[in-house]
Amino acid sequence: MLKLAVLVSGGGTNLQAVIDAVSDGKIENAQVSYVISNKKDAYALRRAENHGIKHDCISPKDYESRAEFDQALAEALDRARPDLIVLAGYLVILPELVIQKYRNCIINIHPSLIPSFCGSGCYGLKVHERALARGVKVTGATVHFVDEGTDTGPIILQKAVQVRQDDTPESLQRRVMEEAEWKILPEAIDLIAKGRVKVSDGRVIITD
């Protein structure tokens with residue numbers, strides 16, 4: 001059974017999508033065992049509580065230095081002993097010591113088709129604002145492994161979403177979540193749980 005630690009900052013809709021997919025059998029041989037948020041009022045923590053999942057708030061604001069926060073986060077993850085760490089709308093840069101220890105065992109969901117509209121400063125609604133400002137006709141979401149860069153790790157899955165002429169950043173954000181994020185994040189976890197995802201020369205290979 002693959003133990004999942006899910007890191008979140010907000011409402012936790014992607015967390016809920018994963019919980020539901022486990023419950024519905026769309027994710028096999030995996031279970032959300034731990035949820036961490038950097039915000040005490042994140043509704044994602046309530047979702048975890050409602051489903052009987054261990055959860056903690058570990059916030060940089062509660063530590064005198066970033067180094068102390070990094071160490072606290074790393075120690076919490078080590079105690080949980082996850083097989084896979086899932087960043088589901090987590091708006092804190094992971095410490096390098098965590099990335100190095102869990103190499104190719106951390107995945108992130110990003111609300112665009114990487115390499116478009118990603119990198120430093122591209123998160124949340126800002127991604128969709130930039131997509132609309134550029135006038136793209138297709139956007140989407142990407143699940144990728146996490147490395148030391150920002151949205152630069154090997155891509156696992158992507159799904160496209162059509163942009164409508166009357167879209168606002170808010171309507172586009174919602175549709176990207178519904179049509180892409182909530183589908184490919186559980187799918188990627190299921191593939192990893194089944195041992196079908198390999199990384200070779202910086203690229204992901206999905207085996208039969």
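This one's a predicted model, so the numbers in the text were calculated from it and none came from an experiment.

Cut-offs applied
- Residues numbered from 1 in each chain as written.
- Predicted model: local features only at pLDDT ≥ 70, side-chain atom pairs only at ≥ 80, totals over all residues.
- Heavy atoms only, no water.
- Buried < 20%, exposed > 50% of the residue type's maximum accessible area, 1.4 Å probe, protein only.
- Helix = DSSP H or I, 4+ residues; strand = E, 2+ residues; numbered from the N terminus.
- Arc of directions from axis to C-beta.
- Contact = heavy atoms within 4.5 Å.
- Polar contact = N/O pair within 3.5 Å; in protein donor to acceptor, adjacent residues only side chain to side chain.

**Student:** Could you give an account of helix H2 (residues 43-50), naming the residues involved and the relevant values?
**Tutor:** Given 3.6 residues to a turn, an α-helix orients residues that are three or four positions apart in the same direction. Listing the buried residues of H2 in full gives Ala 44, Leu 45, Arg 47 and Ala 48. All buried residues of H2 lie within an arc of 155° about the axis, which places them on one face of the element. Facing away from the buried side of H2 by more than 90 degrees, the exposed set consists of Glu 49 and Asn 50. Residues of H2 that are buried sit in contact with strand S1 (2-8), helix H1 (13-24), strand S2 (30-37) and strand S3 (54-57). At the exit of H2 stands Gly 52, carrying a positive phi of roughly 70°.

**Student:** Quick one: what's the story with unusual backbone geometry, residue by residue and with numbers?
**Tutor:** Note the cis peptide between Ile 114 and Pro 115, where omega equals 20°. We note that Asn 104 has phi near 60°; this positive angle belongs to a residue other than glycine. One can find Asn 104 in the loop between helix H4 (96-101) and strand S5 (106-110).

**Student:** Break down the side chain of Ser 59 for me, with residues and values.
**Tutor:** Tracing the chain through its elements places Ser 59 in the loop between S3 and helix H3 (66-80). With relative accessibility at 5%, the residue Ser 59 sits in the buried group. Separated by 3.3 Å, the side chain of Ser 59 and the backbone oxygen of Asn 38 make a polar contact. If we ignore the near neighbours within four places in the chain, the residues touching Ser 59 are Asn 38 and Phe 69.

By themselves, these observations are geometric and do not establish any function.
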